[in-house]
Amino acid sequence: MHSADITYVVLTKNEAANIAACLRSLPAQSAVLVYDAFSDDATVELARSFGALVIQAPWAGYVRAREDAAAQVQTLWTFMLDADERVTAELALEIEQLAPADTTGGYSVARRNYFCGRWVRSGGWWPDRLVRLFRTGQASVTARGFGDLSVHEAWQVSGDCEQLRAPLDHFSYDSVQEYRRKFAIYTGLEAQGTQAGLGHVIGAWMVMPLRAVWYLVRRGGIIEGWRGAYVSVGSALYPAVVATKSWTRGRTSAPRPTT
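Residues numbered from 1 in each chain as written. Predicted model: local features only at pLDDT ≥ 70, side-chain atom pairs only at ≥ 80, totals over all residues. Heavy atoms only, no water.

What follows deals with the pairing of strand β6 (residues 104–115). Among the twelve residues in β6, twelve count as buried, and that is most of the element. Where β6 lies against strand β11 (residues 160–163), four bridges are found, and the strand directions are parallel. Bridging across to β11, serine 108 finds its partner in glutamine 163. With five bridges connecting them, β6 and strand β8 (residues 129–135) associate as antiparallel partners. Pairing of valine 109 across the sheet is with leucine 130, part of β8. Where β6 meets strand β12 (residues 168–173), four bridges bridge the pair, whose relative direction is parallel. (Buried < 20%, exposed > 50% of the residue type's maximum accessible area, 1.4 Å probe, protein only. Helix = DSSP H or I, 4+ residues; strand = E, 2+ residues; numbered from the N terminus. Pairing = 2+ DSSP bridges.)

In structure tokens form, the structure reads like this:
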């Protein structure tokens, strides 16, 4: 697969700290489209300095942004990328050597997720396989989280979906503080897209300890020390926190009876 046949699409919003390293990791001669939600830092200038085409649009959620960005691609293939991800040399080489069959609609990639400077292999964080490379115009994206404002999405391709062996690096959380900041943002966004009742909240918190044990033991989080334990408990807490924020938001926004 020739590099010129692929457009790498990156969504951005104030990603000046990440965008240069992200674009620097991409294969030469590949087209790059940065779909920016009106960043007010140096994101756009840095992206353009790497030769990227920058399109700016108001933020309308992750799924809508992915759809709109993919619709701008003119090459035969599209590779969806986040600003805090890096295309490894092994992955770039594997993509270059691909000879897709006519029935192949896309490829999934395993992400190496990093937390506090270390690749976390347990707690459900590896291989974290996602469809990222697909034939342009022959894939659709749907939310895979909680509600319409989910911060997680998944691509479905038309045709066969094959697996790439080489990984994609994801430098998601440099510190515990960064993890907590994004945890608060993501759970808040997803809570806006759901309508949880009190029963849902109670059920989510009752299940949370079992989820924590499952991540720690069955998914091996406990074997990676405090990092594995931290992300395992965080993953277990996530749906309960989303439900709680959704229920709290519903109570505070509900109209009060008039007298």
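Moving on, we get to the nonpolar core. Counting residues in each nonpolar core, the largest one holds 29 residues, and the members touching the most others are Phe79, Leu91, Ile95 and Leu133. Of all elements in the fold, only β1 (6–12), α1 (19–24), β2 (31–36), α2 (43–49), β4 (77–82), α4 (89–96) and β6 reach the threshold of two or more residues within this core. What phenylalanine 79 contacts, discounting residues up to four positions off in sequence, is Ile6, Thr7, Tyr8, Val9, Leu91, Ile95, Val109, Arg132, Leu133 and Leu168. Core analysis: the next-biggest nonpolar cluster, separate from the first, contains 16 residues, Leu11, Leu33, Ala65 and Met80 among them. (Core = buried A, V, L, I, M, F, W, Y, C linked by side-chain atoms within 4.5 Å. Contact = heavy atoms within 4.5 Å.)

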